[in-house]
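# Summary of structural features
Listed below, chain by chain, are the residues.
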Amino acid sequence: MKNIYIIANWKMQLNLKESIDLFNNIKQKFSHSEDVETVICPSYISLPDINRCKGGSKIRLGAQDVFWEDVGAYTGEISCEMLKDVGCNYTIIGHSDRRKYFKESDEMAHYKLRTVLKNSLVPIVCVGETFQERQEGKKEYAVISQITKAMSGIDLLGTEEIIVAYEPIWVIGSGRAINAEEAEYMHQVIKQALIDIFPVDITEKCFRIIYGGSINQTNIKTFLVQPNIKGVLVGGASLNPDEFLGIVSEAKREKCY
Ligand code: 13P
């Protein structure tokens, strides 16, 4: 696995032309570092064109979601194989947008995780508490429960790569990230939840935990100096090429060891 992951989630914000233009803009000024993996998750429909534009660039591609079956009569769904066909190495699973608007459950995240690992894609499993859960003193319970339900029963050999993205739901799109020390604490909670399921050495080898929620090129530094925060999942700021490249540059500067 890499030291640091910078992952852009473009959500449903751009049409095809805008997606290609943004990708080309980022690609032109992008400079790769072995320590920092840069992943872009555009819309499904722009993936084939972006994959063609990518050429030899070290920017990686991911999808925003995937279905858990390999093939069949599942109208509207996209399989792992289809994602690999268009150059994806990564896919997001269980994003809070999908949990909120499409009633996606932890059980669905579990099925997706199984299939994604079987198909050798890297899953980016999203967890995070609502504002109400936080107010009620249940933030730890919420993320431990999401992790346990998604991960239990998965057998790992130690060669798999799994990214867990901690995204406090109430912070997403707010323009105000949580305090980095608070995020570090929640990363420790997630790490412990993983160690309660998998052996410690497997957890160290296979998992990276990253933060998402109103990250920009100014606040990213405070997150990456935290010992357990191994990258960021970026929404709004990833739609501005200079801002996103600024985030990638900060990552290279802060944590290339
Ligand atoms: P923002 O960076 O816009 O808060 O979005 C975070 C997110 O949901 C990424 O998946």
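Residues numbered from 1 in each chain as written. Predicted model: local features only at pLDDT ≥ 70, side-chain atom pairs only at ≥ 80, totals over all residues. Heavy atoms only, no water.

Evaluated as defined, the whole model comprises 19 salt bridges. Residue Lys2 pairs with Glu34 through a salt bridge whose shortest N-O separation is 3.5 Å. With Lys2 in the segment before β1 (4-9) and Glu34 in the loop between α1 (16-29) and β2 (36-41), this residue pair connects regions lying 32 residues apart in the sequence. Residue Glu34 is classed as exposed on the basis of its relative accessible area, which comes to 54%. Asp97 is paired through a salt bridge with Lys11; the nearest N and O atoms lie 3.5 Å apart. Taken as a pair, Asp97 in helix α4 (residues 96-101) and Lys11 in the loop between β1 and α1 lie far apart in primary sequence, 86 residues in all. Residue classification places Asp97 among the partly exposed residues on the basis of a relative accessible area of 26%. Put simply, Asp65, Arg98, Glu104 and Lys112 are held in one network by salt bridges that share partners. (Salt bridge = Lys/Arg side-chain N within 4 Å of Asp/Glu carboxyl O. Helix = DSSP H or I, 4+ residues; strand = E, 2+ residues; numbered from the N terminus. Buried < 20%, exposed > 50% of the residue type's maximum accessible area, 1.4 Å probe, protein only.)

So, about the layout of surface pockets. Put simply, the largest pocket is a space of about 520 Å³. As for the largest pocket, its lining consists of 16 residues, and the residues nearest its centre are Lys11, Met12, Gln64, Arg98 and Phe102. Considering every element that reaches the lining of the largest pocket, the biggest residue donor is α4, with 3 residues. The residue makeup of the lining of the largest pocket, split by class, is 6 nonpolar, 5 polar and 5 charged. (1 Å grid on protein atoms, 1.4 Å probe; cavity = no way out; pocket = protein on both sides within 12 Å on 5 of 7 lines; lining within 4 Å. Points joined across faces, edges and corners; volume = space filled by probe spheres on them. Nonpolar A, V, L, I, M, F, W, Y, C, P; charged D, E, K, R; others polar.)

For the rest of this paragraph, the subject is empty space enclosed by the protein. Applying the stated criterion to the full structure yields 1 cavity of 30 Å³ or more. Within this model, the largest cavity holds a volume of roughly 40 Å³. Along its surface, the largest cavity is lined by Gly94, His95, Ser96, Arg99, Cys126, Val127, Gly128, Gln146, Glu167 and Ile169.

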